[in-house]
Amino acid sequence: MIQTSKEDFFIKIITAQETHAVRHPVLRSGRPIEDCIFDKDELDTTFHLGLFHKNKLSGVVTYLKNGSPLLSNTSQYQLRGMAVLEDLQGHNLGTALTKHGETILRNLKADAVWCNAREIAVPFYKKNGFEIIGEPFHIPKIGLHFTMYKLL
Ligand SMILES: CC(C)(COP(=O)(O)OP(=O)(O)OC[C@H]1O[C@@H](n2cnc3c(N)ncnc32)[C@H](O)[C@@H]1OP(=O)(O)O)[C@@H](O)C(=O)NCCC(=O)NCCS
């Protein structure tokens, strides 16, 4: 069992390209590396966070300025590509990433964050204060998803 403590990791802004090292094994395993390039990754209003565990990039998350048709808040960001390397999952690193992201979003005066959550990740987002909104839907090659949101 891997032990993690706060001294073992830090979080900083990274490039879209850097996210691929974690997106690929966790979110696009067995698929071409090009599948790790997400729409709007390179926009000036998009930012990417990397969590470095013992100086190795081990977790990533992306936030883009994008409104959901299900929400009416004025400044919304979409959370995308949330992933922690498999051997480090379940150690609160994903939670640390979302907390850090929400601090940045509040500084940007955002009032809501939302995501399309894989069914398996719904408990993780609920634990982090997100709620389901609307009906579940299917994303080809990935599976059943739920839109979830959190007011900031
Ligand atoms: C979902 C994910 C980002 C959560 O990060 P994490 O560091 O493992 O999560 P934390 O340790 O901060 O939070 C733990 C909670 O996440 C959930 N969780 C833990 N391991 C998980 C896993 N392998 N897959 C999904 N959810 C998991 C549980 O609800 C857990 O709560 P519990 O400890 O009370 O049971 C990470 O597990 C992951 O990368 N999973 C695979 C990729 C994925 O599904 N990404 C989300 C796409 S929408």
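Thresholds applied
- Residues numbered from 1 in each chain as written.
- Predicted model: local features only at pLDDT ≥ 70, side-chain atom pairs only at ≥ 80, totals over all residues.
- Heavy atoms only, no water.
- Buried < 20%, exposed > 50% of the residue type's maximum accessible area, 1.4 Å probe, protein only.
- Helix = DSSP H or I, 4+ residues; strand = E, 2+ residues; numbered from the N terminus.
- Contact = heavy atoms within 4.5 Å.
- Salt bridge = Lys/Arg side-chain N within 4 Å of Asp/Glu carboxyl O.
- Pairing = 2+ DSSP bridges.
- Axes fitted to C-alpha atoms, helices over the stretch in contact; angles between N-to-C directions.

1. Quick notes on helix α1 (residues 16-27)
Turning to α1, its buried residues number three or more, namely A16, T19, H20, V22, R23 and L27. Looking at the buried residues of α1, the elements they touch are β1 (9-14), β2 (47-53), β3 (56-65), β4 (76-84) and β5 (112-118).

2. What about the pattern of salt bridges?
Evaluated as defined, the whole model comprises 3 salt bridges. When the shortest N-O distance is used, the salt bridge between R23 and D41 registers 2.8 Å. Highlighted residues: R23 in helix α1 and D41 in the loop between α1 and β2, separated in sequence by 18 residues. Taking relative accessible area as the criterion, R23 reaches 0% and is therefore assigned buried. Overall, the relative accessible area of 6% leaves D41 in the buried class. Here R31 ties to D35 by a salt bridge, and the two come within 3.0 Å at their closest N and O atoms.

3. Some points on unusual backbone geometry
Backbone geometry at K40 places phi at a positive 70°, although glycine is not the residue there. The topology assignment puts K40 in the loop between α1 and β2. Its identity is not glycine, yet N92 carries a phi of approximately 70°, on the positive side. Within the secondary structure, N92 sits in the loop between β4 and α2 (93-107).

4. Points about the sheet that holds strand β7 (residues 143-151)
One open sheet accounts for 7 strands, arranged β1-β2-β3-β4-β5-β7-β6; its pairing is mixed. Single-partner strands in this sheet number two, and they are β1 and β6 (131-139). Mean inter-strand twist for the sheet, computed between neighbouring axes without regard to direction, equals 25°. Relative to β7, β5 runs antiparallel, the two being bridged by 7 bridges. Following the sheet pairing, A117 is matched in β7 by F146. Strands in contact with α2 are β1, β2, β3, β4, β5 and β7; relative to β2, the strand with the most contacts, it is inclined by about 140°.

Any link to function would need more than the numbers given here.
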